[in-house]
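The primary structure of each chain is shown beneath.
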Amino acid sequence: MQARKLEQLRALVNYERAQRLLRPTGLHVISWARSWEHNQAVGGAKDSQHLYFRACDISLGEILRLCPWPSGRADFERLLQQVYFKGGIGDYAAGNRHCDCRGYRARWTSFIGW
């Protein structure tokens, strides 16, 4: 399910890129599946969706690479909310985004300022 959601997100991002005459591109994630040990080492939630292959994190740098226009960050957020409407979306202090397909809506933030 997570791979399907990421493919939807990639397709929508590439549609937005095409509207701006930019070439299509892939989407790079910084974290997907985690072992219990790695999850603990990075301070992940006790029952993290990463442990079940249902989550990934996307860096702020990747978001800016994918959507390099003035409203790109907001456009990416809109697409993320569209694809993961019934899933988890979180943001971290560095601006990285978490998205998962847990099956119910969940939102959180680690900082103020998105």
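Above this text sits the structure in question.
What counts and how
Residues numbered from 1 in each chain as written. Predicted model: local features only at pLDDT ≥ 70, side-chain atom pairs only at ≥ 80, totals over all residues. Heavy atoms only, no water. Helix = DSSP H or I, 4+ residues; strand = E, 2+ residues; numbered from the N terminus. Buried < 20%, exposed > 50% of the residue type's maximum accessible area, 1.4 Å probe, protein only. Polar contact = N/O pair within 3.5 Å; in protein donor to acceptor, adjacent residues only side chain to side chain. Contact = heavy atoms within 4.5 Å. Expected span 1.5 Å × (residues − 1). Axes fitted to C-alpha atoms, helices over the stretch in contact; angles between N-to-C directions. Left-handed = near helix turned anticlockwise from the far one by under 90°. Nonpolar A, V, L, I, M, F, W, Y, C, P; charged D, E, K, R; others polar. Salt bridge = Lys/Arg side-chain N within 4 Å of Asp/Glu carboxyl O.

S.K.: Can you break down the side chain of Asp 57 residue by residue, with the values?
M.R.: As for its position among the elements, Asp 57 is in strand β1 (residues 55-58). Classification of Asp 57 by relative accessible area gives buried; the value is 6%. Polar side-chain contacts of Asp 57 include one of 3.0 Å to the side chain of His 98. Excluding residues that lie within four positions of it along the chain, Asp 57 makes contacts with Val 29, Ile 30, Ser 31, Arg 34, His 50, Tyr 92, Arg 97 and His 98.

S.K.: With reference to specific residues and values, describe helix α4 (residues 72-83).
M.R.: It helps to recall that an α-helix has 3.6 residues per turn; residues three or four apart then point in one direction. Taking 1.5 Å of rise per residue, the twelve residues of α4 would be expected to cover 16 Å, and the 16 Å separating its terminal C-alpha atoms lies within 8% of that figure. Listed in full, the buried residues belonging to α4 are Gly 72, Asp 75, Phe 76, Glu 77, Leu 79, Leu 80 and Val 83. On its buried face, α4 sits against α1 (2-19), β1, α3 (60-66), β2 (88-91) and β3 (97-100).

S.K.: Explain the packing of α1 against α4 to me, using residue names and the numbers behind them.
M.R.: Following both chains from N to C, one finds α1 and α4 inclined at 145°, their axes separated by 10 Å at the closest point. The element α1 and its partner α4 pack so that their crossing is right-handed. For the pair formed by α1 and α4, the contact residues are Lys 5, Gln 8, Leu 9, Leu 12, Val 13 and Glu 16 on the first element and Phe 76, Arg 78, Leu 79, Leu 80, Gln 82 and Val 83 on the second. A class-by-class count of the residues in the contact of α1 with α4 yields seven nonpolar, two polar and three charged.

S.K.: Which residues make up the pattern of salt bridges, and what values go with them?
M.R.: Evaluation of the coordinates by the stated rule reveals ten salt bridges. Ionic pairing is found between Arg 34 and Asp 57, a salt bridge with its closest N-O pair at 3.2 Å. Note that Arg 34 is positioned in the loop between α1 and α2 (36-41) and Asp 57 in strand β1, a separation of 23 residues in sequence. Comparing Arg 34 with Asp 57, the two get one shared label, buried. One salt-bridge network, in which partners are shared between bridges, spans Glu 16, Arg 20, Asp 75 and Arg 78.

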